[in-house]
Amino acid sequence: MATKHEQILQHILSLEIGHKISVRQIAKSLNVSEGTAYRAIKDAENQGIVSTIERVGTIRIERKEKENFERLTYAEVIKIVDGQVLGGRKGLHKTLNKFVIGAMQLEAMMRYTEASSLLIVGNRVKAHELALNEGAAVLITGGFDTNDDIKRLADDKQLPIMSTSYDTFTVAAMINRAIYDQMIKKEIVSVGDIYTPYNESLYLYAKDKLERWYELNEQSAHTRYPVVDTKERVAGMITSRDLIGKDKNVLVEKIMTRNPITVQKKTSLAYAAHIMVWEGIELVPVVDTSYKLIGVVSRQDVLKALQQTQRQPQTGETIDDIVASNLVPAEEDQTVFHAHVTPQMTNQLGTLSNGVFTALMTEASSQLLRHYKKGDLVVENLTVYYLKPVQIDSNLIIQPKLMEAGRIYAKMDVEVFNGKKMVGKGLLMAQLIDR
């Protein structure tokens, strides 16, 4: 039997794209409290199946695949530019294929304006009309309004006509920035990208006898399985170690490990690897928000996927990418690194920012460990001493030293020099992920 939360999510999924949703309406039609309805709608928003827009409300939208982050819906555009909808609200869920900046003669503008595009233009009413007739939505910049006839046309065509107080250049920059940020997010691989789904997973029920473990072990050669209750919620884990000296007729719930570590589909792969390596776990259940089993992920799957992500070309550049690209091993000694302080790496005073300083130390330590073939690191603790400020355009020398290393940990000392002067020093403790 599905929980009330799950019933609400199923109801939302059954609604037409573009349908307006409210807490009161959901609570009334499904006979649940407004608090339960509100939590389910928020969960639906996190899952990307509804979107809440100021002055419009919450609407059902099409869930986008990770590969299509560079394609925005009009609802997302209105959020990015902090705008308001003048007409055509029923089309907010639609996806746009390209942007057209209306900074040209009307005829030239129309050559580029086509269906599923967004015309970004000022208070040029004729351009608004022509774009809507071509099947394109309109974003009016500079805080201008448009005629009532145009608003009615937008309603008829179900194409949004929107207004924002920002100028055209700023709007273009904001939209580009949003797409760029989404491209970075797209590259962050999550458990949901690689897990084994429920219908292919092996698990036991709490009321099963231990002989069921032996049947699954013979079938798969695995030794670790999730244990679920009658509602398919994860109740525990059972491993070969739990079975030592136990009779085959004992119930699984008597010997299973309760409250096991679990992950969700949105959990990042790096976090899953961190947990599995640190806890020495080979298999983790993947659960939904109700703790219901939806699949499993193995340590082998996680580490294999991490290896593949290293080979992928970068689409969006994070601060860590900028730091890594500026860190170069010295020709004479591959355990010493040079870094040039670029404008992006500085704070408002024009000196190297503390965050980038620690990122340089961490990245140099990581590269040193890879040089020694020790694997990759996950920082557990970092103590940094900032001895002198570092000016823009300085050329730094970073010298990490491996003090201690075990199977799953490393202790490192890092010194940073500007010329011959030491400008910083750090002591780093890290977990090792052997890929």
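Analysis parameters
- Residues numbered from 1 in each chain as written.
- Predicted model: local features only at pLDDT ≥ 70, side-chain atom pairs only at ≥ 80, totals over all residues.
- Heavy atoms only, no water.
- pLDDT = per-residue confidence, 0-100.
- Contact = heavy atoms within 4.5 Å.
- Salt bridge = Lys/Arg side-chain N within 4 Å of Asp/Glu carboxyl O.
- Helix = DSSP H or I, 4+ residues; strand = E, 2+ residues; numbered from the N terminus.
- Buried < 20%, exposed > 50% of the residue type's maximum accessible area, 1.4 Å probe, protein only.
- Arc of directions from axis to C-beta.
- Pairing = 2+ DSSP bridges.
- Axes fitted to C-alpha atoms, helices over the stretch in contact; angles between N-to-C directions.
- Phe/Tyr/Trp six-rings, centres within 6.5 Å; stacked < 30°, edge-to-face > 60°.

Named according to an unreviewed UniProt entry, the protein chain is Thioesterase originating from Lentibacillus kapialis.

A. View of the confidence of the model for the protein chain. Scored by pLDDT, the protein chain has a mean of 85; 91% of the residues are at 70 or more. For residues 311-315, every residue scores under 50 in pLDDT, and the model assigns this stretch five contacts once sequence neighbours within four places are set aside.

B. Expanded view of the pattern of salt bridges. Enumeration according to the criterion identifies 16 salt bridges in this entry. Two residues, Arg299 and Glu282, come together in a salt bridge whose shortest N-O distance is 3.9 Å. Of the two residues, Arg299 is situated in helix H12 (residues 299-311) and Glu282 in the loop between helix H11 (269-279) and strand E14 (283-287); the sequence distance between them amounts to 17 residues. In this structure Glu282 comes out as partly exposed when scored by relative accessible area, which is 49%. Of the charged contacts, one joins Glu415 and Lys425 as a salt bridge, the two residues approaching to 3.1 Å between their closest N and O atoms. On the criterion of sequence distance, the pair formed by Glu415 in strand E20 (residues 409-418) and Lys425 in strand E21 (residues 421-433) is long-range, its members being 10 residues apart. For Lys425, a relative accessible area of 28% puts it in the partly exposed group. A single network of salt bridges, built from pairs that share partners, joins Lys401, Asp413, Glu415 and Lys425.

C. Broad picture of helix H1 (residues 4-14). Buried within H1 we find His5, Glu6, Ile8, Leu9 and Ile12. One side of H1 holds all its buried residues, which, seen down the axis, span an arc of 160°.

D. A look at the sheet that holds strand E12 (residues 234-239). Strand order in the open sheet made by the four strands is E10-E11-E12-E13, with mixed pairing throughout. Both edges of this open sheet fall to strand E10 (204-205) and strand E13 (257-258), since each of them pairs with a single strand only. In this sheet, E12 lies alongside strand E11 (residues 224-228) in antiparallel orientation, the contact comprising five bridges. Counterpart to Pro226 in the pairing with E12 is Met237. Relative to the sheet, helix H9 (residues 211-220) contacts E10, E11 and E12, its axis offset from that of E11 by approximately 135°.

E. The arrangement of the packing of aromatic side chains in detail. Within this structure, the stated rule accounts for five aromatic pairs. Plain terms: the ring middles of Tyr198 and Tyr203 are 5.2 Å apart, the flat faces sit at 25° to each other, and that makes the pair stacked. Residue Tyr198 is classed as partly exposed on the basis of its relative accessible area, which comes to 27%. Taking the centre distance of 5.1 Å and the plane angle of 85° together, the rings of Trp213 and Tyr214 count as edge-to-face. Classification of Tyr214 by relative accessible area gives partly exposed; the value is 30%. Three or more aromatic residues joined by ring pairs make a cluster, and in this case those are Tyr198, Tyr203 and Tyr205.

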